[in-house]
Amino acid sequence: MGTKGREIIGKDVDKILEMLGKAFSDEWLAYYQYWIGAKVVKGKMAGQVIAELEEHAGDELRHAGMLADRILQLGGKPPLKPEDWYKMTNCGYEAPDDPSSKAILEQNIKGEQCAIDAYTKLLEFVKDKDPITYFMVQEILKDEVEHEDDLETLLEEI
Ligand code: FE
Ligand code: FE
Ligand code: MG
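Residues numbered from 1 in each chain as written. Chains lettered and ligands numbered in written order. Predicted model: local features only at pLDDT ≥ 70, side-chain atom pairs only at ≥ 80, totals over all residues. Heavy atoms only, no water.

*Asks:* Would you mind going over the coordination of the iron ion (ligand 1) with me for this structure?
*Replies:* Six octahedral donors around a metal ideally subtend angles of 90 or 180 degrees, whereas four tetrahedral donors ideally subtend 109.5 degrees. Taken together, the protein ligands of the iron ion (ligand 1) are Glu27 (OE), Glu27 (OE), Glu60 (OE), His63 (ND1) and Glu144 (OE), with distances of 2.0 to 2.3 Å. Of note, the donors binding the iron ion (ligand 1) are all from one chain and are spaced E-x32-E-x2-H-x80-E. Taking the relative accessible area as the measure of exposure, Glu144 reaches 1% and is therefore buried. (Donors = N, O, S within 2.8 Å, 3.2 Å for Na, K, Ca; no water. Buried < 20%, exposed > 50% of the residue type's maximum accessible area, 1.4 Å probe, protein only.)

So this is what it looks like as structure tokens:
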């Protein structure tokens, strides 16, 4: 933990840590939803859909890493048990019970839209409070906006 780095944020640091822990939980669930989706998907354009889902899975895992690093830097503790992800998530998890490429794309679009909302709120909260987290969340949000667009473009072609 960076003592001065934590101090400059002031009284809101615990609230920020809570929001980062929730986002971390979302990222792991999103990672798994993409990862398992890429394994089970079938139907129209399955090859292209698999490539996109795998790419997004990698991005979500990278986001989880960024969030964990920032949580630790602020003296917090990332959720240590997968069961905590379910308790803390904003966006939840949707199992790919219907493995058609259309259904899987729709589920993941919904997830991205929730992520965009959640990160927009986080960005708003840390603005003028925590420039490091602000910059990091901006980078993540940029990826989520791209993810939604990529999936919607694929869905239009199906
Ligand atoms: Fe993400
Ligand atoms: Fe995403
Ligand atoms: Mg993409």
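Now that the structure is up, let's keep going.
*Asks:* I tried to follow the coordination of the magnesium ion (ligand 3) on my own but got confused; where do I start?
*Replies:* Protein coordination at the magnesium ion (ligand 3): the donors are Glu52 (OE), Glu55 (OE), His56 (NE2) and Asp150 (OD), at 2.0 to 2.7 Å from the metal. Along the chain, the residues donating to the magnesium ion (ligand 3) fall in the pattern E-x2-E-H-x93-D. Judged by its relative accessible area of 0%, His56 is buried.

*Asks:* Whenever I open this one, the packing of helix H2 (residues 13–40) against helix H6 (residues 131–157) confuses me. Can you help?
*Replies:* When two helices pack together, you describe them by how their axes are tilted relative to each other and by the distance separating the axes. Relative to each other, H2 and H6 sit at 30 degrees, their axes nearing to 13 Å. As summarised for this structure, H2 and H6 are arranged roughly parallel, according to the angle between their axes. In the crossing of H2 with H6, the sense of the turn from one axis to the other is left-handed. Side by side, H2 and H6 meet where Ile16, Leu20, Glu27 and Tyr34 of the first sit next to Thr133, Met136, Ile140, Glu144, His147 and Leu151 of the second. For the contact of H2 with H6, the per-class residue count stands at six nonpolar, two polar and two charged. (Axes fitted to C-alpha atoms, helices over the stretch in contact; angles between N-to-C directions. Helix = DSSP H or I, 4+ residues; strand = E, 2+ residues; numbered from the N terminus. Parallel < 35°, antiparallel > 145°, perpendicular 65-115°, else oblique. Left-handed = near helix turned anticlockwise from the far one by under 90°. Contact = heavy atoms within 4.5 Å. Nonpolar A, V, L, I, M, F, W, Y, C, P; charged D, E, K, R; others polar.)

*Asks:* Whenever I open this one, the environment of Val49 confuses me. Can you help?
*Replies:* Along the chain, Val49 turns up in helix H3 (residues 46–73). Taking the relative accessible area as the measure of exposure, Val49 reaches 0% and is therefore buried. Residues contacting Val49, with those up to four places away along its chain left out, are Val41, Lys44, Ser101, Leu105 and Leu154.

*Asks:* What's the story with the packing of aromatic side chains in this structure? I'm lost.
*Replies:* Working definition: an aromatic ring pair is given by the centre-to-centre distance plus the angle between the planes. In total, this model carries four aromatic pairs according to the counting rule given. Ring geometry for Tyr32 against Trp35: centres 6.0 Å apart, planes inclined by 20 degrees, an arrangement best described as stacked. Of the two residues, Tyr32 and Trp35 both sit in helix H2, three residues apart, roughly one turn of that helix. We classify Trp35 as partly exposed; its relative accessible area is 37%. Members of the aromatic cluster, each reached through a chain of ring pairs, are Trp28, Tyr31 and Trp85. Taking NZ or CZ as reference, Lys129 lies 4.0 Å from the ring centre of Phe125, over its face. (Phe/Tyr/Trp six-rings, centres within 6.5 Å; stacked < 30°, edge-to-face > 60°. Lys NZ or Arg CZ within 6 Å of the ring centre and 35° of its normal.)

*Asks:* Sorry, what's going on with the environment of Tyr134 here?
*Replies:* Summarising the element assignment, Tyr134 is placed in helix H6. Spatially, the C-alpha atom of Tyr134 lies 10.0 Å from that of Tyr119, the residues being 15 residues apart in sequence. Not counting the four nearest positions on each side in its chain, Tyr134 is found in contact with Leu123, Val126 and Lys127.

*Asks:* Looking at this structure, how should I read the nonpolar core?
*Replies:* A general trend in soluble globular proteins is that nonpolar side chains are found buried together. By size, the foremost hydrophobic cluster in this structure holds 26 residues, and its most contacted members are Leu20, Phe24, Leu67, Leu74, Tyr119, Leu122 and Met136. Examining the composition of this core, we find that eight residues originate from one element, H2, more than from any other. One finds Tyr34, Val49, Leu105 and Ile109 within the second-largest nonpolar core, a separate group that totals twelve residues. (Core = buried A, V, L, I, M, F, W, Y, C linked by side-chain atoms within 4.5 Å.)

*Asks:* Where do I start with unusual backbone geometry in this structure?
*Replies:* Excluding glycine, residues mostly have negative phi values, and the peptide bonds linking residues are mostly trans. Phi is positive for Met45, which is not a glycine, with a value near 55 degrees. Considering the arrangement of structural elements, one finds Met45 in the loop between H2 and H3. Positive phi outside glycine occurs at Asp128, with the angle close to 65 degrees. Its place among the elements puts Asp128 in the loop between helix H5 (101–126) and H6.

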